[in-house]
Amino acid sequence: MDRNEWHKIDAARLGRAFRRGHISPVEVLEDVLRQCERVNPQINAVVALDETGARAAAKASEKRFAAGTPLGPLDGIPLTIKDNLLCRDMPATWGSSAYRHFIPSADELPVARIRDAGAVIFGKTNVPQFTLQGYTKNALFGATRNPWDLELTPGGSSGGAVAAVASGLGPVAIGTDGGGSIRRPAGYTNLLGLKPSVGRIARGNGFPEILYDLEVIGLIARTVEDLSLLYNELSGPDTQDRRSLADYAHGRDRNRQSRKHIRLMMPFAGFPLDEEIAAAIYTCASRFAKLDYQVDDDPAPFSIETFNEILDTVFSTGLTRIMQEHDGKVDLDDSLAQLYDRGIRRSAADYLTALNALWAFRNNADAIFGDYEVLMTPTAAAMPWSALEPYPKFIGGCRAEPRDHAIYTGFANVLGLPAISIPASRSPTSALPIGFQLVGRFGAEEKLLAMAREYESEWPWANAWPPEDMASGGNA
Amino acid sequence: MSNHHQMGLNASGLSISEPEPTDPSLFNGAQLIRAYHDRSLSPADVVTAIFKRMSDVEPVINAFVVSDQASAMRQAEASAARWKNGSSLGPLDGLPVTIKDNIAISGYPARKGSRTTPDKFDTSNAPVATRLIDGGAIILGKTCMSEFGWKGVGDSPLTGITRNPWNTKVTTGGSTAGGAAAAALNLGVIHVGTDGAGSIRIPSSFCGVFGMKPSYGRIPALPGGATFHVGPLTRSVRDAAALLQTLAGYDPQDLTSLNVPVGDLLDTLDAGIKGMRIAWSPRLGYIENLDAEVEAVTARAAQSFAAMGATVEQVDPGFTDPKPILEPIWLTICWTIVRGIPDARWNEVDSGLLALAMKGRNVSAADYATAIGARAGLHATIARFNESYDLLLTPTLASPAFEVGHNNPADGKFGTDWLNWAPYTYPFNLSYHPAASVPCGFTRDGRPIGLQIVGPYLREDLVLQAARAFEDAHPWPFTNEPV
């Protein structure tokens, strides 16, 4: 192992190396910080760095390993936190001038959990303002770029988180997903992204809830083993968060009668889909067939427009709510300004109607599954586009509406279901990553992780890294 | 009437510590089950006796929107057959029950206190109705409520005034008005109500019965709503526990119901409260307007928990008045209801509901979303409080029952917003916590007073244990005839 390449090692292997004394968390952190110094000026993923705090945490971890008392599998692992989550004594701007000077004094609940597990939090990752868009750019920090092609966006809103992990700035990252904000960026950067069921990772003490319960803590990793480690550490109830107290046994019970039956839902009728993505997803479908899954091409039994209406109601209302807290005095880019414009016109009755529709969908989610165990879709309808544009204006040669690229992810948020994005393959023309999505029944995270692991063992992706010329500073 | 304020005494001469009554319509649920067991009584005898007494008191009280003796007799005979051949369905089998008129049950309309709702039989059951029927309960009929449950008193455009059995000049409270009146008179041993801001606890307190709203998510609440909780009104705590045991639990039709085991509520009911840490908060830290008699009676009741082995400390839970959270939610619900009624029929709607609906029309989506978000904060505050205190005690209401036909006490002391005299109940709808009202005494002129017991989230068992311990130490009196 090249001593300068520790930043390319996954968390599980780092943990084993720590336990064996082959390397210390301090050395790994220093390597990651060096890598950050090299690549961050180009990708602009990390917007706040806490070298002092991270070094102290790494040192403390080193001592625990030396004493043979590590806190668990994530002890000493360097990682980043998305900038809409609160880390004590670090800025939390939410990508907005409204919070330009906000430095919380306490961790929010999931951050406290990962810190208590010994993880070394070294940075905050960039987001679009208020985490409401599918790219990652804001007036405070500018645009985050895709390590696979610096002209392009890593997607959003967890764009900073995926750009960091894809570049070796921590093997895992913690973000959020309110409409696909973990999964689409993961798909654009050759990473895994997990959005758990509502309540599976307890929340509390954070920014005001902006998207009802649609937004959950989401996880980014390079390998399924790392993703599972992170998920195991973060999931679980807390009395502060009522929704976290559900016992998910009903989901697990169903999954025990494993039927290995996948519903491939593609395309969503009436919406454009990139041809390369469609081809990649068919390839993945045939791969699952090789793994003895029955994959049926069976269109979605719902109207995606209805889901989009609910999402637009929740997103525009959420933005309006946050704007109200700041007396409307926050600058918005054009696309957010339009969202705000729709939000201020909405009545509470409209919002309640949307929530009632949401719960009706959730109560009838079983009908979408029928005999299927898992739903399969592309993660995104479009390949990554300009890092400076909020959304792609064309998809598959057709003119695209603002949310068209994102239509495959939001329905899982409305339904509150667990979903994962897994690297499918790379584009034959641009070599850019493409992801596919699996959506499980409520509480079926373990099933999704198991399927990802099966797939990974036959078609691994983690050895593919973005072009080195970027990492060495060539392609600015 | 002069000795009503002394707990444990009963103007009508019956208390639960006394020998079992001879009139089967005066048995509580547990007594009925024992009698079915030893075959000293058949469910049909009970139904006959109840309907006989109902025919005497119902013209005065007006608790029922509709009752169906023929149907109840058929259910009673089916139950009798099960008891006879040893195939009883459990702790509800053969128990006469009522349900509030906003819960769908096949074969009855659900008028919800409104003249604008269709007088048409429902053809399917709400999940709770299914569970009642599957448990062998005998449905006597459906009980009166304020229109769509919008207010905390007992009158509606559809059914007029429901009267308080303890004093027919005063209101039952609402919105589960008929359920509380029927519970007070034992016209049925369990009464299923709903509670969106106090609608089980308010009439329980005014009518001198036990009433409990379990945690949000404990009982499937279809058709549901943001603050909607289903729960029991009963004379005895044990009967309420039996109902909760049957109704609690996840229903895949309603994902707001949590899949969390409820435990054996009946088995743990008599565990006592020794060692429990109890907080007594007479004003929640911000309530200024509290009737002096209510304060004195509830304070004495709260302190009596110390004699049962708990520690009692006067301390506030640490939240500010959550009325700004309730208001946009409540107004919006009112408007979404009224907007579904053709304009031409708005003159048939309770004018108070209509006024709130008109305000609700102007609530913005953002204000509603802010309120929902704030509920999570309220829940978390109380969750932290529960790390130091197992239970919170408060008065159930700031006022005793007042004159029928009014939304507020006529002396104007509590203003013109009914939440001013009912400020203790809605915080725990917003926070999703379980809360009960136990009868704890009377005003000097004989109007019942209730003590509210609030438990940690999903800890119905603790609330029931405390209520049962209080019931055991200070059995409350009943009235079998309207006064």
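Residues numbered from 1 in each chain as written. Chains lettered and ligands numbered in written order. Predicted model: local features only at pLDDT ≥ 70, side-chain atom pairs only at ≥ 80, totals over all residues. Heavy atoms only, no water.

### Comments concerning the packing of aromatic side chains
So, point 1. Taken as a whole and assessed by the stated rule, the structure comprises 35 aromatic pairs over all chains.
So, point 2. Taking 6.1 Å as the distance between ring centres and 85 degrees as the angle between the ring planes, the aromatic pair formed by Phe 206 of chain B and Phe 402 of chain B counts as edge-to-face. Of this pair, Phe 206 of chain B sits in helix 6 (residues 201–207) while Phe 402 of chain B sits in the loop between strand 13 (391–395) and helix 12 (427–430), placing them 196 residues apart in sequence. Here the two residues Phe 206 of chain B and Phe 402 of chain B agree in accessibility, since each one is buried.
So, point 3. Between the aromatic rings of Trp 335 of chain B and Trp 346 of chain B, the centroid separation amounts to 6.2 Å while the plane-to-plane angle is 80 degrees, which identifies the pairing as edge-to-face. Remark: Trp 346 of chain B occurs in the loop between helix 9 (323–339) and helix 10 (351–360) and Trp 335 of chain B occurs in helix 9; sequence separation between them is eleven residues.
So, point 4. One aromatic cluster in this structure is built from Phe 268, Phe 302, Phe 307, Phe 361, Tyr 408 and Phe 411 of chain A.
So, point 5. For the cation-ring pair, Arg 222 of chain A lies above Trp 465 of chain A, with the distance from its terminal atom to the ring centre recorded as 3.6 Å.
So, point 6. The ring of Tyr 293 of chain A is capped by Lys 260 of chain A, whose NZ or CZ atom sits 4.6 Å from the centre of that ring. (Phe/Tyr/Trp six-rings, centres within 6.5 Å; stacked < 30°, edge-to-face > 60°. Helix = DSSP H or I, 4+ residues; strand = E, 2+ residues; numbered from the N terminus. Buried < 20%, exposed > 50% of the residue type's maximum accessible area, 1.4 Å probe, protein only. Lys NZ or Arg CZ within 6 Å of the ring centre and 35° of its normal.)

### A word on the pattern of salt bridges
So, point 1. Counting across every chain of the model gives 45 salt bridges over all chains.
So, point 2. Residue Arg 55 of chain A is joined to Glu 30 of chain A by a salt bridge in which the shortest nitrogen-to-oxygen separation is 2.6 Å. In this pair, Arg 55 of chain A is assigned in helix 3 (residues 51–66) and Glu 30 of chain A in helix 2 (residues 25–43), connecting sequence segments 25 residues apart.
So, point 3. Arg 283 of chain B serves as the salt-bridge partner of Glu 295 of chain B, at 3.1 Å between the closest nitrogen and oxygen. (Salt bridge = Lys/Arg side-chain N within 4 Å of Asp/Glu carboxyl O.)

### Details of the sheet that holds strand 13 of chain B
All names here are of chain B.
So, point 1. Ordered in space as 1-3-2-8-10-9-14-15-13-11-12, the eleven strands form an open sheet in which the pairing is mixed. Across the chains shown, the open sheet's two edge strands, defined by having one partner strand only, are strand 1 (64–67) and strand 12 (311–314). Direction aside, the axes of adjacent strands within the sheet are offset by 25 degrees on average.
So, point 2. Of the pairings in the sheet, the one linking strand 2 (residues 96–100) to strand 3 (residues 138–143) comprises five bridges and is parallel in character. Counted as the bridge partner of Lys 100 is Thr 143 from strand 3.
So, point 3. Against the sheet, helix 8 (residues 292–307) touches strand 11 (277–280), strand 12, strand 13, strand 14 (435–442) and strand 15 (448–454), its axis set at about 50 degrees to strand 15. (Pairing = 2+ DSSP bridges. Axes fitted to C-alpha atoms, helices over the stretch in contact; angles between N-to-C directions. Contact = heavy atoms within 4.5 Å.)

### Things to note about the layout of surface pockets
So, point 1. In this model, the second largest pocket occupies a volume close to 720 Å³.
So, point 2. Considering the residues around the second largest pocket, the lining is formed by 34 residues, among which Asp 312, Leu 339, Arg 342, Pro 402 and Arg 403 of chain A are closest to the centre. (1 Å grid on protein atoms, 1.4 Å probe; cavity = no way out; pocket = protein on both sides within 12 Å on 5 of 7 lines; lining within 4 Å. Points joined across faces, edges and corners; volume = space filled by probe spheres on them.)

### So, the packing of helix 12 (residues 348–363) of chain A against helix 11 (residues 365–385) of chain B
So, point 1. Viewed as axis vectors pointing N to C, helix 12 of chain A and helix 11 of chain B meet at an angle of 55 degrees, and their least axial separation amounts to 7 Å. When the axis of helix 12 of chain A is compared with that of helix 11 of chain B, the two are oblique. Seen along the crossing, helix 12 of chain A lies across helix 11 of chain B with a hand that is right-handed. On helix 11 of chain B, the residues that touch Ala 348, Tyr 351, Leu 352 and Leu 355 of chain A of helix 12 of chain A are Ala 365, Tyr 368, Ala 369 and Ile 372 of chain B.
So, point 2. Class assignment for the residues of the contact of helix 12 of chain A with helix 11 of chain B results in eight nonpolar, no polar and no charged. (Parallel < 35°, antiparallel > 145°, perpendicular 65-115°, else oblique. Left-handed = near helix turned anticlockwise from the far one by under 90°. Nonpolar A, V, L, I, M, F, W, Y, C, P; charged D, E, K, R; others polar.)

### Focus: the confidence of the model for chain B
All names here are of chain B.
So, point 1. For chain B, per-residue confidence averages 93 on the pLDDT scale, and residues scoring 70 or more make up 95% of the total.
So, point 2. Taken together, the stretch residues 1–17 has pLDDT below 50 and engages in 37 contacts with residues farther than four places along the chain or on a different chain.
So, point 3. Listed scores for the predicted complex are pTM 0.93 and ipTM 0.92. (pLDDT = per-residue confidence, 0-100.)

### Looking at helix 8 of chain B
All names here are of chain B.
So, point 1. Between the first and last C-alpha of helix 8 there are 24 Å, a value that for 16 residues agrees with the 22 Å anticipated at 1.5 Å per step.
So, point 2. Along helix 8, the positions that sit buried rather than exposed are Glu 293, Val 294, Val 297, Thr 298, Ala 301, Ala 302, Ser 304 and Phe 305. Buried residues along helix 8 cover an arc of 155 degrees about the axis, so they all sit on one side. Residues of helix 8 that are exposed and angled more than 90 degrees away from the buried face: Ala 292 and Ala 307.
So, point 3. A distance of 3.0 Å separates the backbone nitrogen of Glu 293 from a side-chain oxygen at the start of helix 8, and that oxygen is part of Asp 291.
So, point 4. One or two steps after helix 8, the chain reaches Gly 309, where phi turns positive at roughly 105 degrees. (Expected span 1.5 Å × (residues − 1). Arc of directions from axis to C-beta. Polar contact = N/O pair within 3.5 Å; in protein donor to acceptor, adjacent residues only side chain to side chain.)

### A closer look at the pairing of strand 9 (residues 261–264) of chain A
Residue and element names in this part refer to chain A.
So, point 1. The two faces of strand 9 match: His 261 and Arg 263 on one face and Ile 262 and Leu 264 on the other face are all buried.
So, point 2. Looking at chain direction, strand 9 and strand 10 (residues 294–297) are connected through four bridges and run parallel. When the bridges of strand 10 are listed, His 261 appears paired with Gln 294.
So, point 3. The parallel pair strand 9 and strand 10 is bridged by helix 9 (residues 275–290), and the resulting crossover is right-handed.
So, point 4. Here strand 9 runs beside strand 11 (residues 374–378); their pairing, made up of three bridges, is parallel. Across the sheet, the residue bridging to Arg 263 is Leu 375, located in strand 11. (Right-handed = clockwise from strand over helix to strand, strands pointing away.)

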